[in-house]
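Now for the letters of each chain:
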Amino acid sequence: MQTVAFIGLGNMGGPMAANLLRAGIKVRAFDLSPEALNALVAQGAYPAGSAQDAVRGVDVVISMLPAGRHVESLYLGNDGLFSRLSPGTLVIDCSTIAAHTARHVATEAGKAGLRMLDAPVSGGTAGAAAGTLTFMVGGESESLEAARPLLSAMGKNIFHAGMAGAGQTAKICNNMLLGILMAGTAEALALGVGNGLDPAVLSDIMSKSSGRNWALELYNPWPGVMDNTPASRGYSGGFMSELMLKDLGLAEETALNSHAATPLGSLARNLYELHVKSGCGKEDFSGIVKQFRKE
Ligand code: NAD
């Protein structure tokens, strides 16, 4: 049976690794946080004392870390995992990081004879727990086919975006659009409400008109318009504004590196920067509506 090393057991990695265990896969787990590690060990994972210990004898390594610098320090350099893995080992990084960082890490993996995929996800913590994540994968088709059974245990949709880094590029394009749509939806609702409209009536009108979009129809940022949205529970749960800010920053970095103009993405990043600085970083990203509301 395949044994997987899973490194990074936070809000996303913890439930993803738990789904591997539920599918009968052996998991050697490691996280810098003992609480995160213990939570997975309670569900049947083998507790490793370090990342180096976790990868001993495994066929596959999966990482789910906060940012590019964590991914580089895990895999590269003298102490990095790439110097310890047997040639042919499959390495799947699911963290959201810059595409150029993912390409650099994949190049180093290739030099060590390893197979590497960037496989960032969409679907949030709820999707991670339910095993319904969308994976956007960059790398060789053969490596994706080898990874598919594992990804299927954690997600519902698996897309091959292209070669190394392409998964990250797809993820960042999607989240830049999402940030723009959420900010635009919030702005339009605030304009209407400020001019006397009921937010639910305006949402209904726009949902059946040309302004319709995912943020408006399924994740409405105005409190009370929809049940079961973060807006209707004080912007708790959901996708934190500071993570949206991180992704909009990655989109801007990608645009700079490729000399692309992303004026709306930059504007959305600036709005989220202000929002996070106003103390709302831990709140759901639909809370951006607070920047537009007249209280
Ligand atoms: P998190 O902060 O909850 O978890 C990250 C975990 O990594 C932490 O438990 C931390 O202790 C651990 N860690 C950091 N460095 C480590 C190291 N060197 N070795 C071992 N463990 C280490 O973050 P998260 O919400 O799980 O997000 C993880 C990634 O998924 C990020 O790149 C994020 O952008 C992306 N993402 C998050 C969401 C979401 O809704 N939370 C959605 C999609 C994508």
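Further up the page is the structure itself.
As a starting point, this report considers the structure included with it. (Residues numbered from 1 in each chain as written. Predicted model: local features only at pLDDT ≥ 70, side-chain atom pairs only at ≥ 80, totals over all residues. Heavy atoms only, no water.)

Every α-helical turn comprises 3.6 residues, leaving residues that sit three or four positions apart pointing alike. Taking 1.5 Å as the rise per residue, helix 7 (residues 141-154) with 14 residues should run 20 Å; its terminal C-alpha atoms sit 19 Å apart, in good agreement. Taken residue by residue, helix 7 has S143, L144, A147, L150, L151, A153 and M154 as its buried positions. (Helix = DSSP H or I, 4+ residues; strand = E, 2+ residues; numbered from the N terminus. Expected span 1.5 Å × (residues − 1). Buried < 20%, exposed > 50% of the residue type's maximum accessible area, 1.4 Å probe, protein only.)

What follows covers the site of the ligand. Contacts to the ligand come from 22 residues, most closely from N11, M12, D31, L65 and K246. The separation between an oxygen atom of the ligand and a polar side-chain atom of D31 is 2.6 Å. L32 has a polar backbone atom sitting 3.4 Å from a nitrogen atom of the ligand. For the ligand, whose accessible area on its own is 840 Å², the fraction buried by protein is 84%. Of all elements in the fold, only helix 6 (124-130) and helix 11 (241-257) reach the threshold of two or more residues within the shell around the ligand. Classifying every residue of the shell around the ligand by side-chain character gives 10 nonpolar, 9 polar and 3 charged. (Near = heavy atom within 4 Å. Polar contact = N/O pair within 3.5 Å; in protein donor to acceptor, adjacent residues only side chain to side chain. Areas by Shrake-Rupley, 256 points an atom, 1.4 Å probe, with all protein chains shown as cover. Nonpolar A, V, L, I, M, F, W, Y, C, P; charged D, E, K, R; others polar.)

Quick look at empty space enclosed by the protein now. The final tally for this structure, using the stated rule, is 1 cavity of 30 Å³ or more. There is about 30 Å³ of room inside the largest cavity. Lining the largest cavity are V71, D93, I97, A102, V105, M116, L117 and D118. When contributions to the lining of the largest cavity are tallied by element, the ones reaching two or more residues are helix 5 (99-111) and strand 6 (115-118). The element contributing the most residues to the lining of the largest cavity is strand 6, with 3 residues. In terms of residue class, the lining of the largest cavity is built from 6 nonpolar, no polar and 2 charged. (1 Å grid on protein atoms, 1.4 Å probe; cavity = no way out; pocket = protein on both sides within 12 Å on 5 of 7 lines; lining within 4 Å. Points joined across faces, edges and corners; volume = space filled by probe spheres on them.)

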